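The primary structure of each chain is shown beneath.
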Amino acid sequence: MSSLSPRLQLRVAQKQILTPGLVQMVTVLQLNRLELKDMILSEIAQNPVLEDGTEGGDELTPEELQSLLERERVLEPADQSIRDVMDNPNEPRNADTDADIAEFANVDGAHMSAAVQTPAAGEAEAAETPKTESDPFDEIDFGTYFDEYLDPGYKSPASENFEKPSFETFLSSPVTLADYLHQQLAVLLMPEAARDAADTIIGNLDENGYLTASLEELASGGEHSVADVEEALRFVQTLDPAGVGARTLQECLLIQLDSRNARSSVAWQIIQNHLHLLERRQYREIAKGLGRPPEHIQIALSVITTLDPRPGMRYSGPGARIIEPDVYITKDGEDYVIQLNDDEIPQLRLNGQYRRMLDRDTEPSKEVRNYVKDRYQAALQLMKNIEQRKHTILRVCQSIVRRQTDFLELGIDTLKPMMIKEIAEEIGVHPSTVSRAVAGKYAHTPQGVFELRVFFSEAVQGPSGAGTPLLILKRRVKKMIEEEDGHHPLTDEQITERLQGEGIQVTRRTVAKYREDMKIPSTHQRRDRN
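Sequence order as written defines the numbering, with residues in each chain counted from 1. Totals for whole chains, interfaces and linings use every residue, but because this is a predicted model, local features are given only for residues with pLDDT of at least 70 and side-chain atom pairs only at 80 or more, for both listing and counting. Values reported for side chains reflect all heavy atoms of the structure, with hydrogen atoms and water molecules removed beforehand.

**Q** Looking at this structure, how should I read the overall build of the protein?
**A** Numbering goes from the N terminus for both helices and strands, where a helix is a DSSP run of H or I of at least four residues and a strand is a run of E of at least two. Secondary structure summary: the protein contains 26 helices and 7 strands in total. When a residue's accessible area, from a 1.4 Å probe over protein chains only, is under 20% of the maximum for its type it is buried; when over 50% it is exposed; and in between it is partly exposed. Split into buried and exposed, the 530 residues of the protein put 35% on the buried side. Shrake-Rupley sampling with a 1.4 Å probe provides the accessible areas, and residues are treated as covered by the protein chains on show and by no other component. Accessible surface, the protein as shown: approximately 33700 Å² in total, 51% of it carbon and sulfur.

**Q** Sorry, what's going on with a nonpolar patch on the surface here?
**A** Patch construction takes residues with relative accessible area above 30% that form no salt bridge. Like charges are linked within 9 Å, and nonpolar side chains (Val, Leu, Ile, Met, Phe, Trp, Tyr) are linked within 5 Å. In the sections that follow, a salt bridge refers to a side-chain nitrogen of Lys or Arg positioned within 4 Å of a carboxyl oxygen of Asp or Glu. A surface patch of nonpolar side chains, amounting to about 230 Å² of accessible area, comprises Leu18, Leu22 and Val23. The residue valine 23 is located in helix α1 (residues 20-29) in this model.

**Q** Quick question: what am I supposed to make of the nonpolar core here?
**A** The nonpolar side chains of a soluble globular protein tend to be buried with one another. Formed by 29 residues in total, the largest nonpolar core has its most connected members in Val327, Val396, Val434, Phe455 and Phe456. Those elements giving two or more residues to this core turn out to be β3 (327-332), β4 (335-340), α19 (366-403), α20 (405-410), α21 (420-427) and α22 (431-438). The greatest single-element share of this core, amounting to 5 residues, is contributed by α19. Only heavy atoms enter the contact rule, under which two residues are in contact if any of them lie within 4.5 Å. When residues no more than four places from it in sequence are discounted, the contact partners of valine 396 are Ile423, Ile427, Val434, Ala437 and Val438. Buried Ala, Val, Leu, Ile, Met, Phe, Trp, Tyr and Cys residues that are joined via side-chain atoms within 4.5 Å together make up what is termed a nonpolar core.

**Q** How do you make sense of the confidence of the model for the protein when you look at a structure like this?
**A** Low pLDDT marks stretches whose predicted atomic positions should not be read closely. As a per-residue quantity, pLDDT reports the predictor's confidence and falls between 0 and 100. On average, residues of the protein carry a pLDDT of 76, and 74% of them reach 70 or more. Note on residues 73-83: pLDDT under 50 across the span, and 19 contacts to partners over four residues away in sequence or across chains. Taken together, the stretch residues 145-162 has pLDDT below 50 and engages in 7 contacts with residues farther than four places along the chain or on a different chain.

**Q** Help me understand helix α23 (residues 470-482), please; the structure alone is not making it clear to me.
**A** Counting along an α-helix, one turn takes 3.6 residues, and residues three or four places apart therefore face a common direction. Under the 1.5 Å per step criterion, the end-to-end length of α23 is 19 Å for 13 residues, consistent within 8% with the ideal 18 Å. Here α23 has its buried residues at Ile472, Leu473, Val477, Met480 and Ile481. Here the buried face of α23 lies against α24 (492-501), α25 (508-517) and α26 (523-526). By definition here, a helix of n residues has an expected span of 1.5 Å times n minus one.

Here it is as structure tokens:
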């Protein structure tokens, strides 16, 4: 039982603890331009001493703030005796006071000069300033006088408050698939029971425009009869885009052909009876099964290729992704200029109106002074972290430009292998810092807009592959497949042999993986069997 008794132990250990300032620095570094803007606006809303630099007001510089914070930290009530001695050095003092001064100097000696105040000098300067007599007419607000007493129906332009329309009213909202179908459904003449069932069907369509639920489920869930749901489905399948409301791919394609008055055509027969052969591109078997010449099959195939297997995607797909470059890389003569995109990003500054709350004479509450002090320190830390983010991104981009000059001049085919570790060693930071600096950020280059991650790629093994990044290798594989003979497509082994003949050591499994990553079908699926 003695082993379970409580005891005290002294132990020496090393731990890595991230301070809140360091955590914020890492967080700010990995934010892109839009995320940084949102983060700054959030901090301005939460921290009263932070404000946008474009707005007017009393500004407080970091140097002035530092002296105020140091003075607040030195001038504690417990240090009043030390302050009196420092202000009156000629008065006699005892040994205890000398010890307190020595200890005080060791702790905060660097801030001693900031604690000394000279109110007499300020009072003398104020006394020397001549007082000017104020004009009584300057105290009258004639604009308000005339607005209120002269004519109640008249308002000066300065006092009028025009309600301007919101900017959101000028933005076009995207039309969803459900909204588009309901607009068409509203002008159709149909029974009310079928109209209610049609609303239920539209609400159960997926993003591709397909009806995934069965008619029985829709009838029981929406309290409709199965006959009403069937009638409603026929109405929905006549709406635009053609093919919406289908339950299978075959039904979707047949609905589109029916909308083109192509029922019972060769294309209709292929989709209805030989869709499995069409998926495997067995066109000769299709011609034999239909008893048609190959020319008719080719005409039907050209019609089938115009059909949309996902008719609802044009209204349900993800909207255009907003990409705003974080860095602009432009060429000026023989040199490249790197500039961060700071447009519409608030320029932070410190509000000087709160400085009086750090003074003990103005604000006697210690809790208020400590709160304002913490807010100022948090604001300074945020401003330093934002500047550190700019400095790190610029240094990383400078290293990228030095190593990828050929890419900036000639294009992506001249991209060179480059590792994050190499850039980190060059600029003297940890590789994780470089990884965060390029994460989710884009650069506007003379060759277009590229993600900064694109510039980092591992080199391929082999005599000629040492200077070839994996991105270029994928482009070579894709180009070989695009230039192949459709009747005799290249296999993964043949592509591997060609690359090895160029001095690039790569395995067949690697080539197959790259092909799958680029969503390129296999050799069997690419073969043209005509």
